[in-house]
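One-letter residues, chain by chain:
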Amino acid sequence: MLPAVHDTGAGEAVLFLHAFTMDASQWDHQVAALSDGMRCVRIDLWGCGMSPPPPDDEPSLDGFASAVLDALNARDIDRVAVVGISMGGYLAFALWRRAPERIRALALCNTRATADSDASRDDRLAMARQVERDHSVESIVEPMVARLLSPDAQAEAHIVDPVRGRIRRCTPAGIAFAQRAMANRPDCSALLASINVPALIIAGTEDAIIATQEVHAMADAIPGARYAELACGHLSNLELPRAVNDHLAAFLAPARMAS
Ligand code: MLT
């Protein structure tokens, strides 16, 4: 089943991959700024945003990466710059594993290459069971807001209200799929040295999920990667949209993308 695709603008294609409990609308600020001159393609994970429910197969990001490639093929999109945040970064690594020739640049925000510890895998599986048992995602809304946003951003209605709205739009099946797929993901650390396209890595100094040191170490392992640290929490593109837009615009400028 193809996921929902939101296709805006014309030019070189840029694929935006959202974070856990978010959806394609997480990238609204970036698409508003960048779609004048770029083709911004956004995908909703199964069970999130406008996408259909997940399939019955064993949940994996590799499975979803195949569906993303099918969605690009259906639109005759060959090579893309990939911009992924957090889970979207894990998915970007799955795409790189499957089809590096389709990727002309990689921007990775607030993400990591390592797999889960046993404890965080257990937490993910517990959340998957909880939302399935409840037939509702309501119990995860406030805990996720507290993890995803810095304290300052949690006090800003224009940031926090849409974040709550996106979490509530995810179905229990979508949340359970994403958690099980992330729990199953492999360690991608060994892949980093193979990334031979331009790379931009962004970290948030108040990120409660992935510390800057971890993101910095990942950037160091990618040949020639640029690294930027912003004063924000885990959802850098929502907390500091202009700063992220500026970094992406400079990184994605056609002159820099010649390959
Ligand atoms: C995300 O923001 O995509 C997730 O919180 C990442 C994770 O749970 O590892």
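My aim in this report is to walk through the structure given alongside it, one point at a time. All residue numbers refer to positions counted from 1 along the written sequence of the respective chain. Two thresholds apply to this predicted model, a pLDDT of at least 70 for residue-level local features and 80 or more for giving and counting side-chain atom pairs, whereas whole-chain, interface and lining totals are computed over all residues. Water and hydrogen atoms were dropped before computing side-chain values, which therefore reflect all heavy atoms in the structure.

Focus on the sheet that holds strand 6 (residues 199-204)
Adjacent strands of a sheet form backbone hydrogen bonds with each other and so pair up, either parallel or antiparallel.
So, step 1. Strand pairing requires that DSSP identify at least two bridges connecting the strands. Helix and strand definitions here come from DSSP, where helices need a minimum of 4 consecutive H or I residues and strands a minimum of 2 consecutive E residues; each element is numbered from the N-terminal end. Spatially, 1-3-2-4-5-6-7 is the arrangement adopted by the seven strands of the open sheet, whose pairing is mixed. Of all strands in the sheet, those with a lone pairing partner are strand 1 (5-8) and strand 7 (226-230), marking the two edges. Looking at each pair of strands side by side, their axes are set apart by 15° on average, direction ignored.
So, step 2. Pairing geometry for strand 2 (residues 12-17) and strand 4 (residues 80-85), over four bridges, is parallel. By the bridge assignment for strand 4, Val14 is matched with Ala81.
So, step 3. We call two residues in contact whenever any of their non-hydrogen atoms come within 4.5 Å of each other. Each axis is a line fitted through C-alpha atoms, taken for helices only over the stretch in contact, and angles between the N-to-C directions span 0 to 180 degrees. Against the sheet, helix 2 (residues 61-74) contacts strand 1, strand 2, strand 3 (38-43) and strand 4, and its axis sits at roughly 140° relative to strand 3.
So, step 4. The sheet contacts of helix 3 (residues 87-98) involve strand 2, strand 4 and strand 5 (103-109), and relative to strand 5 the element is tilted by about 155°.

Structural notes on the environment of Asp28
So, step 1. Assignment of secondary structure puts Asp28 in helix 1 (residues 28-34).
So, step 2. Note on exposure labels: buried denotes an accessible area under 20% of the residue type's maximum, exposed denotes more than 50%, and partly exposed covers the range between, all computed with a 1.4 Å probe on protein chains only. Among the residues examined, Asp28 registers a relative accessible area of 40% and is labelled partly exposed.
So, step 3. Asp28 sits 17 residues away from Gly11 along the chain, and the two C-alpha atoms are 18 Å apart.

As for the pattern of salt bridges
Side-chain pairing between opposite charges can occur once the charged atoms of the two side chains come close.
So, step 1. We define a salt bridge as a side-chain nitrogen of Lys or Arg found within 4 Å of a carboxyl oxygen belonging to Asp or Glu. Taken as a whole and judged by the stated rule, the model has 16 salt bridges.
So, step 2. Salt-bridge contacts for Asp7 lead to Arg39; the nearest nitrogen and oxygen are separated by 2.7 Å. Pair noted here: Asp7 is in strand 1 and Arg39 is in strand 3, with a separation of 32 residues, a long-range link.
So, step 3. On the accessibility criterion, Asp7 (30% relative accessible area) is partly exposed.
So, step 4. When salt bridges with common partners are traced through the structure, they connect Asp7, Arg39 and Arg75 into a single cluster.

Describing the site of the ligand
So, step 1. Taken together, Ala19, Phe20, Ser86, Met87, Tyr90, Arg112, Arg124, Leu148, Met182, Ile209 and His234 are the residues near the ligand.
So, step 2. Within the side chain of Ser86, one N or O atom sits 2.9 Å away from an oxygen atom of the ligand.
So, step 3. Two N or O atoms form a polar contact when they lie within 3.5 Å of each other; inside protein one atom must be a possible hydrogen donor and the other a possible acceptor, and for residues adjacent in sequence the pair counts only when both atoms belong to side chains. Within the side chain of Arg124, one N or O atom sits 2.7 Å away from an oxygen atom of the ligand.
So, step 4. In the complex, the protein chains occlude 97% of the 270 Å² of accessible area that the ligand would expose alone.
So, step 5. Throughout, the ten residues Ala, Val, Leu, Ile, Met, Phe, Trp, Tyr, Cys and Pro are labelled nonpolar, Asp, Glu, Lys and Arg are labelled charged, and all others, Gly among them, are labelled polar. Class assignment of the residues belonging to the shell around the ligand gives a composition of seven nonpolar, two polar and two charged. Here a residue counts as near a molecule or strand whenever at least one of its heavy atoms sits within 4 Å of it. Methods summary: accessible areas were calculated by the Shrake-Rupley approach with a probe of 1.4 Å, and residue burial reflects only the protein chains presented.

Concerning helix 11 (residues 241-252)
So, step 1. Over its twelve residues, helix 11 extends 16 Å from the first C-alpha to the last, a length consistent with the 16 Å expected when each residue adds 1.5 Å.
So, step 2. Regarding helix 11, the residues found buried are Pro241, Val244, Asn245, Leu248, Phe251 and Leu252. The arc enclosing the buried residues of helix 11, seen along the axis, measures out at 135°, which places them on a common side. Exposed and oriented more than 90 degrees from the buried face of helix 11 are Arg242 and Asp246. In this analysis, the expected span of each helix is defined as 1.5 Å times one less than the number of residues it contains. The arc under discussion is defined with respect to the helix axis, by the directions toward the C-beta atoms.

Structural notes on the packing of aromatic side chains
So, step 1. Here a Phe, Tyr or Trp ring, Trp counted by its six-membered ring, pairs with any other such ring whose centre lies within 6.5 Å, and the pair is stacked when the planes are under 30 degrees apart, edge-to-face when over 60, and tilted otherwise. Evaluated as defined, the whole model comprises three aromatic pairs.
So, step 2. Considering the side-chain rings of Trp46 and Phe177, the 5.5 Å spacing of their centres and the 80° angle between planes classify their relative orientation as edge-to-face. Of this pair, Trp46 sits in the loop between strand 3 and helix 2 while Phe177 sits in helix 8 (residues 172-183); the two residues are 131 residues apart in sequence, bridging distant segments of the chain.
So, step 3. With a relative accessible area of 4%, Trp46 lands in the buried category.
So, step 4. Against the face of Tyr90 rests Arg185, its NZ or CZ located 3.9 Å from the ring centre. Criterion for a charge above a ring: Lys NZ or Arg CZ within 6 Å of the ring centre, and within 35 degrees of the ring normal.

As for the side chain of Arg124
So, step 1. Following the sequence through the fold, Arg124 ends up in helix 4 (residues 118-134).
So, step 2. Looking at Arg124, the relative accessible area reads 12%, which means it is buried.
So, step 3. At a separation of 2.8 Å, a polar atom in the side chain of Arg124 contacts the side chain of Gln179.
So, step 4. In this structure, Arg124 is in contact with Tyr90, Asp116, Gln179, Met182, Ala183 and Arg185, ignoring residues within four places of it in sequence.

These figures come from the coordinates and say nothing about function on their own.
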